[in-house]
Each structure stands twice: as C-alpha cells, then as structure tokens.
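# Examining the three-dimensional arrangement
As a plain string of letters, each chain reads:
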Amino acid sequence: ERHTSTAIHPRAGHFQLRTVEILRSAGLEQAVRRKGEEQYHPNGGINNVESLAGREIASYFANLNAGVEEFSPTVRLFIDQDALEPILRERAEELGAELRYRVDCTSVLQDGSGVTATLRDLEGDGSERTVRAKYVVAADGNRSPVREQLGIAMRGHGLLSNSITIYFRSEVDLAPLLEGRDQGVNYVTNPVLRGFFRLDRTGNRGFLVVNLVGDTARPEVVAAYPNAPWANIAEMVDERRALELLRAAIGVPDIPVVIEDVATWRAVADSAERYQDGRVFLAGDAAHTMPPNGGFGGNTGVQDAWNLAWKLGLVVNGVAGPGLLDTYDGERRPIGALMVEQAYTRYVTRVAPYLGTDGMQPLVDDFSLEIGCRCNSPAVVLGPGDDALLHEHPRESKGRPGSRAPHVALDSGGAQVATLDLFGPNYALLSAPGGEAWSGAMVAAAGEIGLPLDAYVVGADGLVDPEGRFADAYGISRTGAVIVRPDGIVAWRAVDGTGASEAAAHEVLTTLLCR
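Anyway, here's the lowdown on the structure attached to this text. Computed from a predicted structure; not experimentally measured. (Residues numbered from 1 in each chain as written. Predicted model: local features only at pLDDT ≥ 70, side-chain atom pairs only at ≥ 80, totals over all residues. Heavy atoms only, no water.)

Before going further, it helps to spend a moment on the packing of aromatic side chains. Summed over all chains, the structure comprises 12 aromatic pairs. Consider the rings of tyrosine 60 and tyrosine 187, whose centres lie 5.8 Å apart with planes at 85°: the pair is edge-to-face. With tyrosine 60 in strand 3 (residues 56–61) and tyrosine 187 in strand 10 (residues 185–189), this pair connects stretches of sequence that are 127 residues apart. The partly exposed category is assigned to tyrosine 60, whose relative accessible area is 29%. Tyrosine 187 sits in the buried class, given a relative accessible area of 3%. With 4.9 Å between their ring centres and 70° between their planes, tryptophan 438 and tryptophan 492 make a pair best called edge-to-face. (Phe/Tyr/Trp six-rings, centres within 6.5 Å; stacked < 30°, edge-to-face > 60°. Helix = DSSP H or I, 4+ residues; strand = E, 2+ residues; numbered from the N terminus. Buried < 20%, exposed > 50% of the residue type's maximum accessible area, 1.4 Å probe, protein only.)

Below is the structure:
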C-alpha cells in the first residue's frame, strides 16, 4: 500500500447485501454494523432534491432495507471507508496477513513457475527488494500500474466528468432542513450543480460530490461536457468556489459551514478487457472503474476478491487444478462489466440525463444485481437446458447452479442459523432428508480425492427446517442435494436421487475442481 495507513476519507459508504453477507462469513458483520450505525441511520433511503432546503424531485429508495429479510439474513448499510478499513486490517492481521504501508510495487515479472515482484520503500532511501510468489493479485487502483505494465486495455464509456468531493461540517444545525427526509444519499439537481450529499447521523457533517456545474438544461452547457475548461470543476476549484457550490447545494445563502478538504477525481465508466494475464489477476478498481451512483464500485471489488481467494487457496494447496483460476475471468469479468453499465445507467438517469439513452443498458433492479448475478463457468455444473443468464431475481433462481445459494432460516439446537452460515471455507453438501444416496456418494468421493467437504442434512441430524422451505428454495425434492462453493455459489444440483453413485459424484467433484 502506497499510503501511510488505512483510508483517511469517508469514501465507498454504501454496502450492498452480498458484501455484508461476505463480511458475515469473515466474522465481521456485527463489528461493521455497529460502526456503521454509529455514523448513519441504518435504513436511510436515497432521493433527489433541488437542495437540502428545496423540494424533493424524486425518491429512489424510501427505506434502504425494505424487503431484504425475504432474501438475506443481513441488511444493507452505510459505513465510511475510513471507518471500515481499520476493522478489516485488524481481522487480516489476526489471520496472519502481513500489511506493508508506504511500499510501492514497481514491476511484476512472470515465468513458468511464479511471479517476481519488485517492491520499493517510499520512506527512507527508497530501497528495493523482490518478493517471489506463485501468483499476484493486482488490486492497485483505477490507474493500476500493474495493469498498464501488462498492456491490458480499458473499454467502455470513458471519462464522464472531472468531479470533486467537498468534505465539510456545518456550524449550524441542518436538522430542520432534513426533517421528514432520509439521510442516506441526497442527490442534488439545480442550475448551479449536479451531485449528491452523504451526511452523517447528526446531519451536520459529511461530504458533497459535485459531478457537473452549470445548468444542464441549456444546450450550450451540455455541449461543453466533459472537456470545456469551465466545466472541469476539478481543475478550477478553490475554497471560495467549493463554498459557493456547497451553499448552493444546501440551499441557504451564507450558511456558516467549514470546508475541511476537497478531493478531485475523474468519473469514468470502463472495464478491463481481461482480468487475468498468466499468473497475475486484476481485482477491484484495477479491473473496473465506475461512477459512484448505485454504490457498485467498492462492492464489486469485494466480490472480486471473494471469488478469487478460495480458488487460489485450493490451487496453491494442490486440491484443484490450475484451470480453476481461469474461471475467475470468466465469472467476474461479465459481472464487472454489468456493474459498470448499471452504474453508468444510474449516472445518466440521476445526474446527467443530457447524455441520453443511446448505448445505455436498461435499469436492472438492485436485488438482481446484489444477490442475483450468476457464475457461468467450468467451475459450475449447469443443469439441463440452463440458459446461463448473467443475472436473475433471487426469487426466481431457486438454487440454480451458478446462482448465489438462497437464504433459508434454520434451527440448530434452539439457535437460528442461516444457510449462509454453513458455507466456507470448504465446499458444502446440503441434502434433503431423503438424499442419503447423494450424500453418501459425495462424502466418499470427496475423501478419495482429498477434498474437504462439509456435509449437512437439512431437516435431520439436528438441523431443523422449521418452515419447511429448504427443498423448494433450492429447487430439489426430498431425495435431492446441492453442492455450494466456499463463496456461496451453487456449484451443482441434483433435483432427486436419480443416478446417485460414487462414480457420478467423483465426476462432479473433479469437474468442479477443474482436475
């Protein structure tokens, strides 16, 4: 990490259901939720206003968590990146990770057996050292020097705006302006600017993102974007101009506010043409850059890592074949491109409608994007006639291979357990009470090939299905079974016990492991 420590600015504040589920699996959900609720109202929505003092133009979400209990044991939440990263750092160090700050990776060189990375110390004399590894994950940001070194191009809509983020605090109470309105995200649309607020729980501190300045209802203003000098707010901003924009967004002239910092950045919507080059993998902003609208950027990066980490573990430990790593690009690149396009759609509809709908994807609902994306690759055994959709609503997936395993509330020894809590770090076999044939065959085959497999019979052996939902939720009969990957994706499904044998189980498992 080039910086001296964890993040200092409150970026990447909206965490979606799938990301919170991942935090849960990593043992971090409660700590993150507690910290997030210190900062923000847990169920704040998203709207569009003329200004904080002006009228509401549109409401996108009245309540961020409306309806989530049907699909997940978690909730969506807001937490600032500068508050989240110390929690992640502490957990990573507990698990044995070595974190090096003020260190830059200047090159990666591959050969047939591994990668040599050159690291430069940014403190002291700038000395360099090399590290040898079997694989490298380049999560080095949207300007990714590693991506550039590998010659991996970015494709998409390109530059949308030269934007700024104004961090501020108010010296008077803004609560009267916010009465009756959510405090999640407040988009601002007026003749001075277009952007959005995120305010903390008090309502008196936060940041304002400014994407566009000027009246975008005027054709001559629209024609200037994104390259006219006056339209490049990132180059022309100073504290006086930032104060003007902030007061215009609040809607109260001369309101006493203090500018704490101004950050400049580029709103871009692009995807890497590939996520893998031999033994080097791109993840996060290095693989996809998108405007913040919809909150997809940080969430997509977390899910990149979640998809890749367990695959690296199985391959490095000799359990899976190296082909398993090739499925990272096949699974994540289409999803990353989808998220870029959906962020772009939300940017156009919420901030820059003057861009028009040419080349814009139709809006996909948030549940389908957050927990309905599918992994279609050789690491999944698709069912007969499966159309391999990239996404579908979680109400429709029904445990289809490639989809996120559905949430079902179970009971174990009087304590509530979610199906989500049964997954990771190993593959998990879930069978219905009559699924002994598949259960026995899979356990035997896994033992033969050295694959750790956690086997559960839902509705027996102390794992109670109080509402009797499991079989229907997973699309199986009383003799069926499913295998779920460590990342919570359904890898294989047998609707019933037909064809159950150790030989069939062996073929399934070796297929999933790309062996």
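Read on, since the account is not over.
Moving on, we get to the environment of glutamine 149. Along the chain, the position of glutamine 149 falls in helix 4 (residues 145–150). Given the relative accessible area of 38%, glutamine 149 is considered partly exposed. Taking the C-alpha atoms as reference points, glutamine 149 and threonine 106, separated by 43 residues in sequence, lie 9.5 Å from one another. Among residues more than four places away in sequence, those in contact with glutamine 149 are Thr106, Ser107, Val108 and Leu109. (Contact = heavy atoms within 4.5 Å.)

Glu29, Val32, Gly36 and Gln39 are the residues of helix 2 (residues 29–39) that are buried. One side of helix 2 holds all its buried residues, which, seen down the axis, span an arc of 95°. What points out from helix 2, more than 90 degrees from its buried face, is the exposed set Arg34 and Glu38. Packing partners of the buried residues in helix 2 comprise helix 1 (17–25), strand 4 (77–78) and helix 3 (81–94). (Arc of directions from axis to C-beta.)

Judged by nonpolar contacts, the single largest core of 62 residues is most densely connected at Ile164, Ile166, Phe197, Val210, Leu245, Leu246 and Ile250. It is helix 10 (residues 323–350) that provides the largest number of residues to this core, a total of 8 residues. When neighbours within four sequence positions are excluded, valine 210 is seen to be in contact with Ser163, Ile164, Ile166, Leu193, Arg194, Gly195, Ile233 and Leu245. Counting residues in hydrophobic clusters, the runner-up holds 47 residues, among them Val136, Ala287, Leu325 and Val508. (Core = buried A, V, L, I, M, F, W, Y, C linked by side-chain atoms within 4.5 Å.)

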